[in-house]
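Tertiary structure, described
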Amino acid sequence: MELCKRWSAQMKNNISGGGVMAPVSDPFDPSVFYVSDGWGSSYSSMRLRKLSVETGEELASVLTRDSTRCVHIEEDRVFAVLNKRILELDRNDLRVRRAYKKGVPQYMDFAGFNGEDKLLLMNWNGGFLNVFDLNTEKTRKKKVDTCCGIWKEDKNSFLVLNGDAVLRYDLAGNKLIKLADSEPFTKCMLGQSGQLYLLCKGPVEGGEVLSKLVIYPSAAGGTPREIILEELIQNFALSQDETRLFLIRDNAIWLYFIPEEKIIFHHEFEGEFAFEDGLHVLRETIFTYRWSEKVLTCWKITE
């Protein structure tokens, strides 16, 4: 296996910093992804930008005058969650369809949508699930502690992961149901198969703390599979077929083959890569960012 550089692109503003979203792929179009201007950018110039995965070319942008903390993407629209506002955008050209300012919960890092008129929003450490009504611009709150992820099951049911348990939120009844307890985890992913992947603290070996991946057969729980990873990991990504893990710590990446429980590739990049959780992986494509030069680079592991 080898790592191949696909392209480098000069960004118009810095696209990193605390509270600024890392690159996000479009679930309806794998050829594009989104980045947000961040720290060091003048507010008057800050934008959410749609880029080409193939070339890094900017395809569309929208003036936000703030960093985007997270986005929720539907087939026809994108909700850009800013620090104190929400923009509803056309997914094709990022044209503003509506701006929400009144009653918006502030500093939200995760978002879900019921497909009609309710946005579910949480700060990673905010302590409450916020249900924002797009029609009334009012927010209903539910105590939840921390948040690692929100996933829609149907228009009335959402999975909420709070760092030590898997919860189901009933939107109509405003109720939380605990589906499973877990060891404390810092990152999580829901695979296309329905399996739930949790990144937990592992054992201490040779004076060093390792990470552990806990895989549940479904969000409802079941007997988990545990994989002790050979490194302390900050973040991870999952291949489309769920056979490989991209393990990330700062500017290093490991490719882990799940069926054989072994690392099959390792690489450490040189330079300054300043996404909040190290380098970033979208759809098995690796993105690094040299913040001092505002250069975003796309890489691919080939066999």
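Residues numbered from 1 in each chain as written. Predicted model: local features only at pLDDT ≥ 70, side-chain atom pairs only at ≥ 80, totals over all residues. Heavy atoms only, no water.

So, on to the sheet that holds strand 11 (residues 118–122). An order of 10-11-12-13 is seen for the four strands of this open sheet, with the pairing classed as antiparallel. Only two strands of the sheet have a single neighbouring strand rather than two, namely strand 10 (110–113) and strand 13 (139–145). Between one strand axis and the next, the sheet turns by 20 degrees as a mean value, whatever way the strands run. (Pairing = 2+ DSSP bridges. Helix = DSSP H or I, 4+ residues; strand = E, 2+ residues; numbered from the N terminus. Axes fitted to C-alpha atoms, helices over the stretch in contact; angles between N-to-C directions.)

Now for the side chain of N83. Take N83: it is sitting in the loop between strand 7 (77–82) and strand 8 (86–90). On the basis of relative accessibility, which here comes to 14%, the residue N83 falls in the buried class. A polar contact of 2.8 Å, which involves the side chain of N83, links it to the side chain of D66. A distance of 3.0 Å separates the side chain of N83 from the side chain of R69, its partner in a polar contact. Discounting chain neighbours no more than four positions away, the residues touching N83 are D66, S67, R69, Q106 and Y107. (Buried < 20%, exposed > 50% of the residue type's maximum accessible area, 1.4 Å probe, protein only. Polar contact = N/O pair within 3.5 Å; in protein donor to acceptor, adjacent residues only side chain to side chain. Contact = heavy atoms within 4.5 Å.)

Further remarks concern the environment of E88. Relative to the assigned elements, E88 resides in strand 8. With 11 residues separating them in the primary sequence, E88 and R77 have C-alpha atoms 6.8 Å apart. Leave out the neighbours within four places in its chain, and E88 touches R77, V78, F79, R95, V96, R97, R98 and Y100.

Strands sit in the order 2-3-4-5 across an open sheet of four strands; the sheet is antiparallel. If you trace the sheet from one side to the other, it starts and ends with strand 2 (24–26) and strand 5 (58–63), each paired once. Ignoring strand direction, the axes of neighbouring strands in this sheet form an average angle of 25 degrees. As paired strands, strand 2 and strand 3 (residues 29–36) are joined by three bridges and run antiparallel to one another. Residue pairing in the sheet places S25 in a bridge with F33 of strand 3.

Here the focus is the nonpolar core. One finds L245 and L247 to be the most contacted residues of the largest nonpolar core, which totals 15 residues. Looking at this core, the elements with two or more residues in it are strand 19 (196–205), strand 20 (208–216), strand 22 (235–238), strand 23 (244–249) and strand 24 (252–257). The leading source of residues in this core is strand 24, at three residues. Among residues more than four places away in sequence, those in contact with L247 are L229, I233, N235, F236, A252, I253, W254 and Y256. (Core = buried A, V, L, I, M, F, W, Y, C linked by side-chain atoms within 4.5 Å.)

Inspection of every chain in the model, using the stated rule, returns zero disulfides. C4 carries a free sulfur, and the closest cysteine sulfur to it, the one in C298, is 11 Å from it. Exposure remark for C4: the relative accessible area of 28% places this residue in the partly exposed category. Free cysteine: C148, not disulfide-bonded; nearest cysteine sulfur from C188 at 4.9 Å. In this structure C148 comes out as buried when scored by relative accessible area, which is 16%. (Disulfide = S-S within 2.5 Å.)

With that settled, consider the side chain of S67. Mapping S67 onto the fold places it in the loop between strand 5 and strand 6 (68–73). Given a relative accessible area of 8%, S67 falls into the buried group. S67 has contacts with G19, V20, S36, D37, G38, M46, L82 and N83, leaving out every residue within four places of it along the chain.

By the element assignment, R69 lies in strand 6. For R69, a relative accessible area of 14% puts it in the buried group. Spatially, the C-alpha atom of R69 lies 7.3 Å from that of Y107, the residues being 38 residues apart in sequence. With residues up to four places along the chain from it excluded, the contact list for R69 reads G19, M21, V81, L82, N83, Y107, M108, D109 and N123.

Everything listed here is a matter of coordinates, which is why it stays silent on function.
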